[in-house]
Each structure stands twice: as C-alpha cells, then as structure tokens.
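Structure assessment
Here is how the chains run, residue by residue.
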Amino acid sequence: MTGRLYGVGLGPGDPELVTVKAARLIGAADVVAFHAARHGRSVARGIAAPYLHEGQIEELLVYPVTTETTDHPGGYQGAIDEFYEAAAARLAAHLEAGRDVVVLAEGDPFFYGSYMHMHKRLAHRYPTEVVPGVTSVSGAAAAVGRPLVERDEVLTVLPGTLGADELAEWLSTTDSAAVMKLGRTFPQVREAFDQAGVLDRALYVERATTEGQRTLPLAEVDPESVPYFSLVLLPSPLIGELPMAERAADGDGPAGEVVVVGLGPGARYWTTPEAADALATAEVLIGYGPYLDRVPANPRQERFPTDNRVEAERAAHALELARAGRRVAVVSSGDPGVFAMAAAVLEVAGRPEFAGVPVRIVPGLTAAQAVASKVGAPLGHDFCVLSLSDVLKPWDVVVDRLRHAAAADLVIALYNPRSKHRPHQLGEAREALLEVRSPETVVVVGRDVGGPEERLTVTTLGDLDPETVDMRCLLIIGSSQTRVGPSGLVWTSRSYPGAAPR
C-alpha cells in the first residue's frame, strides 16, 4: 500500500482562513512538504504552523533560483525543472513507503501554485487529493472591501509577467481584473493600468489578510516597496453607482410592499422556504402576538404584536408603513387565506388611500391539512372548511351552513371550535350535526398539532365531549365514507356509493 498525496491550499495568509479539512489533513499527515527560497523561510509553513505537531517529517523544498541568473546548462527553466524532478523523487520515496504526504500551497493549489508541479509528476502514480483554498484574489477583495464582479461582469486574472502592452490590452477589454506576481514586475504593471485608462480605479494590496497587510490606490505606490506577495485589483465599475438608500430617495429604489405570510400550523419545518425568505427580507413584522412569537427575533427588524381582534387596524398599519417605503410582513398562522389576515389586508388595501401599495400573499400549510396528515387521509374526498366563530358572521348562519354541509355528506374541517367567550356553541353545533349524521360518524380532534403539546384523538360524533376542546384544536367531522382502519389510521374513500364504473 502506498501513501496518499494531498495538495492542500492554505488561503492567502491568515491561519484562521485555513479550511477545516486542510487543518485536519495537515495535522494527520506523516510528511509535510513546503517550498522556500534559498533563505529557507517558508511562508506556507508559517501559515500551517498552528496545525503541525511534533514528530511529523518535514520536507523543505528549496528553490535553486528565484529571479536571479543561473549557470545551469539549461538556464533558468532547466534549473527549475531539475529541482522539481528531485523534489518529486523525495516525496515519492515517502509515498512508496506508505507515508501520507501533504504538500502545502499558499492560496489555492491550482491557482498559480507551486504544488501543481508536484501534481503533474506524482498524481498519475499515487492516490491524490487536492484541497482547495481561499485565493489571494478573494483575500485582497475582502481586504479593500470592494466587489470584484457583479451581475454579468467578467473577471480577468492576469500574471504581471506579461508585457505592459499586452496587459493594457487585456485591462481595456475587461470589467474587472486581478494582476498577480508583482515585485520586480510592478513598473510595467502600473504602466499597463495607465495605458488602459483605469489607473484611477486600481487598488494595490500587499500581504492580504496578514498582520503586514497594506492597501493603497495603485497610483500612490512606491515601486521600490513592492514585494512578490502583492497584487493589483481592478474592482467592479458598478461600485461607483449610488448607494441603495440614495437610489431609493431618487425614486428608483424598491417600493415598499406588504407580504402576508403563512407560518404553517406549528412546527418550524412546516414553514415553507418562500415564507421564511419573506420573513427574512422584511423590515417590519406585524401580527397577532402569539404568532409573531414564533418568528425568531432579529434586531434589524421592527415588530408590532397586536391583539387578535384588530385585524382591520393591523392591516391598515401595515399598508401605511408600506406606503412610506417599508417592506412589511403580516404574519399569520397556517395559511393566511384561510380564516386569517390575507382577506383583511386585501379588503383594507381597496381603500383609495392605499391605491398602488403592492400586496403579496405567501401561502402556508393549513391546520386542516396538518391534522389530516397526522391521522391518515380523512380529507381524501370532498370536504369543506367552516369556522364556528360568530365574531364576523351571525351564529344562525354558522348553524345553517353546518346543517347543509352535513346533509351534503361532506367531510367538515371546523376551525375556531370553542372559545372562552362562546363555550356553548360547539355543543350546539354537535347537536345540529346529529340531526342528519350518525352518532358513529368519525371525528378527529387535533390539538396544537406541530407544537410541543400536540395531541390527537379519534372519536365519534356521539362520543365527542365539547369540554375537551379549546381554540388550539381543529376538528375534522367525517362523512358517511370515513373509516378507521385496524392500525388506527383514518381515511375517507375516494369512491362514493352509486358512482358510475370506470
């Protein structure tokens, strides 16, 4: 068994920018190899030092030349190629002996990195894995706090070893650029930016993310002070646009809006990604206090909890804020279009003073669906949804609708079944249903479904005890075709007696 070769990216300089995987591999390696100039000081080893441990074999790979001349028969390239062959042979000896070898690389191993020369010579012979790292370009952009590219812009990465004319040609045809390998090439790089007419936009970054980091406008840099570990950025030209706040003030920014959001019935995993996004992007949250409490607090956002009986006032408040340019989320439990805030907001939005205020509805999982799924499929055939609340409609209308739904043999999902202010009504509703439904009709009672006090009860219309029901419950009254199986699961057949055969 041979050892495994790893090319490990260390990032641009800050040891805390080493990835978790890179740190783990460095600490576990039998052999750690790193390059250095003839002075023997390795930048890569310095970055990796916190992750090394005593007893590891270290292979220092010292370049025979860097920028100076050489008397090697093959010239500079011949000396470098010979060095890479010898270095690869040293690492191969460890791999043949079954030792894992990590080759350290500043930045990313495949981004102008020395590791690639080992990779070309060894990867086809031994098991190999390359671990990417944060590039110096990314580190430099973070250091100056400027985006490299936006939208459909093009980023061009160039070596400073190109001639000034060629560099200038590239710079004049790209949106954004990073020029690497400075040091002795700096004068021609600066000249190229000047020729391309972008010198005033260019930024110089030296030793990005390290304690020795230095950033300057390119035009102000002393050529004599430039080390090899530096680069020049040409950031996105779009950064010169007006900030968002100023664009909004000019009338070009996004208008305010009201988004009515359904949280689902209880558990956080029942909140849809669309609803979560609408909540996250809102500046203001408005809703009934207990529902608003289900949304994690964010100090960036304003919150206005209200009582449950002020729907019109809540809607007007949201629309007023949106008219002033705010992004407002009105929070509902379940689905906002089912006995919730969507209709209230749309009704108030029809007033003349709110003309033009955008309103959007984000659906949510309803309590009826959640309760049904917990016990099986009682809503498998035709069903209706009724609220027993008489706050917004007369009680005699509620009872009349119940009788008609029962006579039509519909499964009935009952919302708002029994409150402290109207404790008698569920009993009256049960009696009305028993006028046309069998006492054996299946009834499902779901309480706090998806919440910490979830409780599900399967009973019959004859045995239903209204005293066990409160406003945190939802009832499903079965039809004549609703059944309870041996496993206790409830379903309503999709086939109805007398249906024409297929």
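In this numbering scheme, every chain counts its residues from 1 along its sequence in written order. Residue-level local features of this predicted model are given only where pLDDT is at least 70; pairs of side-chain atoms are given and counted only at 80 or more, and the full residue set underlies all totals for whole chains, interfaces and linings. To get the side-chain values, take all heavy atoms of the structure and skip hydrogens and water.

Right, let's get into the sheet that holds strand β6 (residues 155–159). Judged by pairing direction, the sheet is mixed, and its 5 strands sit side by side in the order β6-β7-β10-β8-β9 without closing on themselves. Sheet topology places β6 and β9 (214–217) at the edges, where each strand pairs with a single neighbour. Averaged over all pairs of adjacent strands, the angle between their axes in this sheet comes to 20 degrees, without regard to strand direction. The contact rule is simple, with two residues in contact once any of their heavy atoms fall within 4.5 Å. Think of each axis as a best-fit line through the C-alpha atoms, taken over the contacting stretch in the case of a helix, with angles from 0 to 180 degrees between the N-to-C directions. Only DSSP runs of H or I reaching four residues or more are called helices, and only runs of E reaching two or more are called strands; each is numbered from the N terminus. This element, helix α5 (residues 136–144), spans β7 (176–180), β8 (203–206), β9 and β10 (230–234) of the sheet and lies at about 65 degrees to β10. Strands pair, by our definition, only if DSSP identifies at least two bridges between them.

Across the interface, helix α11 (residues 311–323) lies against helix α12 (residues 341–349) with an axial gap of 9 Å and an inter-helix angle of 60 degrees. For the crossing formed where α11 meets α12, the hand is right-handed. Contacts between α11 and α12 involve E311, A312, R314, A315, A316 and L319 from the former and M341, A344, V345, V348 and A349 from the latter. Amino acid classes used here: Ala, Val, Leu, Ile, Met, Phe, Trp, Tyr, Cys and Pro are nonpolar; Asp, Glu, Lys and Arg are charged; the rest, including Gly, are polar. Looking at the contact of α11 with α12 residue by residue, the class counts come to 9 nonpolar, no polar and 2 charged. The handedness criterion is simple: a crossing whose near helix is rotated anticlockwise from the far helix by less than a right angle is left-handed, and one whose near helix is rotated clockwise is right-handed.

Next up on the list: a nonpolar patch on the surface. Patches were defined on residues exceeding 30% relative accessible area and lacking a salt bridge, with like-charge contacts within 9 Å and nonpolar side-chain contacts (Val, Leu, Ile, Met, Phe, Trp, Tyr) within 5 Å. The accessible surface values rely on the Shrake-Rupley method and a 1.4 Å probe; as for residues, cover is taken only from the protein chains in view. In the sections that follow, a salt bridge refers to a side-chain nitrogen of Lys or Arg positioned within 4 Å of a carboxyl oxygen of Asp or Glu. Together, V43, Y228 and F229 make up an exposed nonpolar region whose accessible area comes to about 290 Å². Here V43 lies in helix α2 (residues 43–48). Three labels apply to residues, based on accessible area from a 1.4 Å probe with only protein chains included: buried if under 20% of the type maximum, exposed if over 50%, partly exposed otherwise in between. Classification of V43 by relative accessible area gives partly exposed; the value is 39%.

So, about the confidence of the model for the chain. pLDDT expresses, on a scale from 0 to 100, how confident the predictor is about each individual residue. Counting all residues, the mean pLDDT for the chain is 91, and 96% of those residues have values of 70 or more. pLDDT under 50 marks residues 241–253. Its contacts with residues more than four places away, or in other chains, come to 8 contacts.

Right, let's talk about the packing of aromatic side chains for a bit. Only Phe, Tyr and Trp rings take part, Trp by its six-membered ring, and two of them pair if their centres are within 6.5 Å. Stacked means planes under 30 degrees apart, edge-to-face means over 60, and tilted covers everything else. On inspection of all chains with the given rule, the structure shows 10 aromatic pairs. Three or more aromatic residues joined by ring pairs make a cluster, and in this case those are Y63, F83 and Y84.

Glancing now at the nonpolar core. If you look at the biggest cluster of nonpolar residues, it comprises 23 residues, and the most contacted ones within it are L402, I412, L414 and L475. Secondary structure elements with two or more residues in this core: β17 (383–387), α14 (395–407), β18 (411–415), α15 (425–434), β19 (442–447) and β21 (473–477). The dominant element in this core, judged by the number of residues it contributes, is α14, at 6 residues. Contact partners of I412, with chain neighbours within four places excluded, come to C384, L386, L402, A405, A406, L433, R437, L475, I476 and I477. In this text, buried Ala, Val, Leu, Ile, Met, Phe, Trp, Tyr and Cys residues form a nonpolar core when linked through side-chain atoms within 4.5 Å.

Our next topic: the pattern of salt bridges. Inspection of every chain in the model, using the stated rule, returns 19 salt bridges. Close ionic contact of R214 with E206 constitutes a salt bridge, the shortest N to O distance being 3.0 Å. Its relative accessible area of 28% is what places R214 among the partly exposed residues. We note a salt bridge from D448 to R472, for which the minimum N-O separation is 3.1 Å.

Here, the term disulfide refers to a pair of cysteine sulfur atoms separated by no more than 2.5 Å. One pass over the structure, following the stated rule, counts 0 disulfides. Sulfur of C384: no disulfide; nearest cysteine sulfur belongs to C473 and is 19 Å away. On the basis of relative accessibility, which here comes to 16%, the residue C384 falls in the buried class.

This part is about the side chain of R437. Of note, R437 is situated in the loop between α15 and β19. One polar contact links the side chain of R437 to the main-chain carbonyl oxygen of L410, over a distance of 2.5 Å. Ignoring sequence-local partners within four residues, the contact set of R437 consists of A405, A406, D409, L410, I412, L461, I477, G478 and S479. Whenever two N or O atoms come within 3.5 Å, that pair is a polar contact, provided that in protein one can donate a hydrogen and the other can accept it, and provided that, for residues adjacent in sequence, both atoms are side-chain atoms.

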